[in-house]
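Summary of the model geometry
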Amino acid sequence: MASFSLAALTVLELAPPEMIELAARCGYETVGLRLLPATPGGIAYRLMDDAPLLRETLARLQSTGVTVADLEVVAFRPETNVASFTPFFEAGARLGAKHILVAAYDPDLARFSDRYRQFCEAAATYGLTSDLEFMPWTSVPDLKAAMRIVGDVDHPAAGILVDALHFDRSQSSLVDLRTIPARRLHYWQLCDGPAERPATTEQLIHAAREERMFPGEGAIDLIGLTKAMPDDLTISIEVPTVQLAKTVDAETRARRALAAGKSVVGRARANS
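In this text, all values refer to a predicted model and were calculated from it rather than measured experimentally.

Let's talk about the overall build of the chain
Of regular secondary structure, the chain possesses ten helices and eight strands. Taken against the 2.2 N^0.38 rule, which gives 19 Å for 272 residues, the C-alpha radius of gyration of the chain at 17 Å falls within 12% of a compact globule. In terms of overall dimensions, the chain has C-alpha extents of about 45 × 40 × 35 Å along its principal axes. Taking all 272 residues of the chain together, the buried fraction comes to 54%. Of all intrachain contacts in the chain linking residues separated by at least 6 positions in sequence, the fraction that spans at least 24 positions is 82%. Accessible area of the chain: about 11,200 Å², with a carbon and sulfur share of 52%. For the chain, the centre of its 28 positive side-chain charges and the centre of its 35 negative side-chain charges are spaced 2 Å apart.

Rendered as structure tokens:
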């Protein structure tokens, strides 16, 4: 049976201790924590560099029973040095995290693949998987590209992270998705979006990072996607709504996101 995780991006204004408390109140079993920014200067809570915040986060996990599903965001760029992630891995191990979200911003795919393999090897020693998220504006723009790289790397910790929005916007295929070995899928991200795909890269990025729709309220084939995914994966509910957040508090948004996600998954399971 799937469990539901509160993604960092859904309530990015909350530091990890507050986010964990909120997740527990709303009924999420797990959370995703953003320790590194998606873009230089972006919001992140660097628990590996902030011992008091890490201690408080660990205390909230202990008191609530919520666990950590994934850590974000390891964005590989040409200058990325795998050896620099040791403190990140150590913090992840202390948090009991299971997965790491990896993104490819290095145009040299041979170099990225080599470093990604090194990263998988290092992460695995801390009990962490390394899940490559394909996004249309990155060097790994779609599911087929992610399948090729993860297949070539062929490390037990290597995985493919399917995000419903990126899956749709990259026009990836459910037929291809069904061919992925189950061992390569560790968790996935659920949200919705309008039928019309953004016309520019800037619009794609803005929609993905700031303005998504709650599951079932848009036009993405979430029923088909849910039915194609293994039933037992953690489902990360990732619904950033920056405009709505100006007038609606984090808890209300997180509850709405979870209810919508459970409704979609329930309907998919009933029809499978």
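Section: empty space enclosed by the protein
With the rule as written, the count across this model stands at two cavities of 30 Å³ or more. Looking at the largest cavity, its volume works out to about 160 Å³. Looking at the largest cavity, it is lined by 16 residues, and the ones nearest its centre are Arg 34, Ala 38, Glu 133, Met 135 and Arg 209. Secondary structure elements with two or more residues in the lining of the largest cavity: β3 (67-76), β4 (99-104) and α8 (201-210). Here the residues of the lining of the largest cavity are counted per class, giving nine nonpolar, one polar and six charged.

Quick look at the environment of Ala 228
Mapped onto the secondary structure, Ala 228 falls in helix α9 (residues 222-228). Sequence separation between Ala 228 and Arg 178 is 50 residues, and the spatial gap between their C-alpha atoms is 5.9 Å.

Observations regarding the packing of aromatic side chains
By the definition in use, this model includes ten aromatic pairs. Plain terms: the ring middles of Phe 89 and Phe 119 are 5.0 Å apart, the flat faces sit at 55 degrees to each other, and that makes the pair tilted. Here Phe 119 lies in helix α4 (residues 109-124) and Phe 89 lies in helix α3 (residues 86-95), a separation of 30 residues in the sequence. The same class applies to Phe 89 as to Phe 119, namely buried. Aromatic ring contacts, followed pair by pair, group Phe 76, Phe 85, Phe 88, Phe 89, Phe 112, Tyr 116, Phe 119 and Tyr 126 into a single cluster.

Things to note about the pairing of strand β5 (residues 129-133)
β5 sits mainly inside the fold: five of its five residues count as buried. In β5, alternate side chains face the same way, and those of Thr 129, Asp 131 and Glu 133 on one face and Ser 130 and Leu 132 on the other are all buried. Crossover handedness for the path β4 to α4 to β5: right-handed. Bridge analysis of β5 against strand β6 (residues 158-163) gives four bridges, and the strand direction is parallel. For Glu 133, the partnering residue across the bridge sits in β6 and is Leu 161. Note that the unit made of β5, helix α5 (residues 143-153) and β6 has a crossover that is right-handed.

Details of the sheet that holds strand β8 (residues 234-237)
Sheet architecture is closed into a barrel: eight strands sit in the order β1-β2-β3-β4-β5-β6-β7-β8, paired in parallel fashion. For this sheet, the mean inter-axis angle between neighbouring strands, taken without regard to orientation, is 30 degrees. Here strand β7 (residues 187-190) pairs with β8 via four bridges, running parallel. Bridging from a neighbouring strand, Tyr 187 pairs with Thr 234 of β8. Together, β5 and β6 form the strand contacts of α5, whose direction differs from that of β6 by roughly 165 degrees.

As for the side chain of Thr 30
With respect to the helices, strands and loops of the structure, Thr 30 is situated in strand β2 (residues 30-34). Beyond its immediate sequence surroundings of up to four residues, Thr 30 is in contact with Phe 4, Ser 5, Leu 6, Val 66, Thr 67, Ala 69 and Thr 234.

What about the packing of α4 against α5?
Contact geometry for α4 and α5: axes closest at 10 Å, N-to-C directions at 55 degrees. If you check the angle between α4 and α5, you find them oblique. Seen along the crossing, α4 lies across α5 with a hand that is right-handed. In contact with Leu 109, Phe 112, Ser 113, Tyr 116, Arg 117 and Cys 120 of α4, α5 contributes Ile 149, Val 150, Asp 152 and Val 153. Residues of the contact of α4 with α5, tallied by class, amount to seven nonpolar, one polar and two charged.

What counts and how
- Residues numbered from 1 in each chain as written.
- Predicted model: local features only at pLDDT ≥ 70, side-chain atom pairs only at ≥ 80, totals over all residues.
- Heavy atoms only, no water.
- Helix = DSSP H or I, 4+ residues; strand = E, 2+ residues; numbered from the N terminus.
- Rg over C-alpha atoms; globule rule 2.2 N^0.38 Å.
- Buried < 20%, exposed > 50% of the residue type's maximum accessible area, 1.4 Å probe, protein only.
- Contact = heavy atoms within 4.5 Å.
- Areas by Shrake-Rupley, 256 points an atom, 1.4 Å probe, with all protein chains shown as cover.
- Lys, Arg positive; Asp, Glu negative; His and termini not counted.
- Charge placed at Lys NZ, Arg CZ, Asp CG, Glu CD.
- 1 Å grid on protein atoms, 1.4 Å probe; cavity = no way out; pocket = protein on both sides within 12 Å on 5 of 7 lines; lining within 4 Å.
- Points joined across faces, edges and corners; volume = space filled by probe spheres on them.
- Nonpolar A, V, L, I, M, F, W, Y, C, P; charged D, E, K, R; others polar.
- Phe/Tyr/Trp six-rings, centres within 6.5 Å; stacked < 30°, edge-to-face > 60°.
- Right-handed = clockwise from strand over helix to strand, strands pointing away.
- Pairing = 2+ DSSP bridges.
- Axes fitted to C-alpha atoms, helices over the stretch in contact; angles between N-to-C directions.
- Parallel < 35°, antiparallel > 145°, perpendicular 65-115°, else oblique.
- Left-handed = near helix turned anticlockwise from the far one by under 90°.

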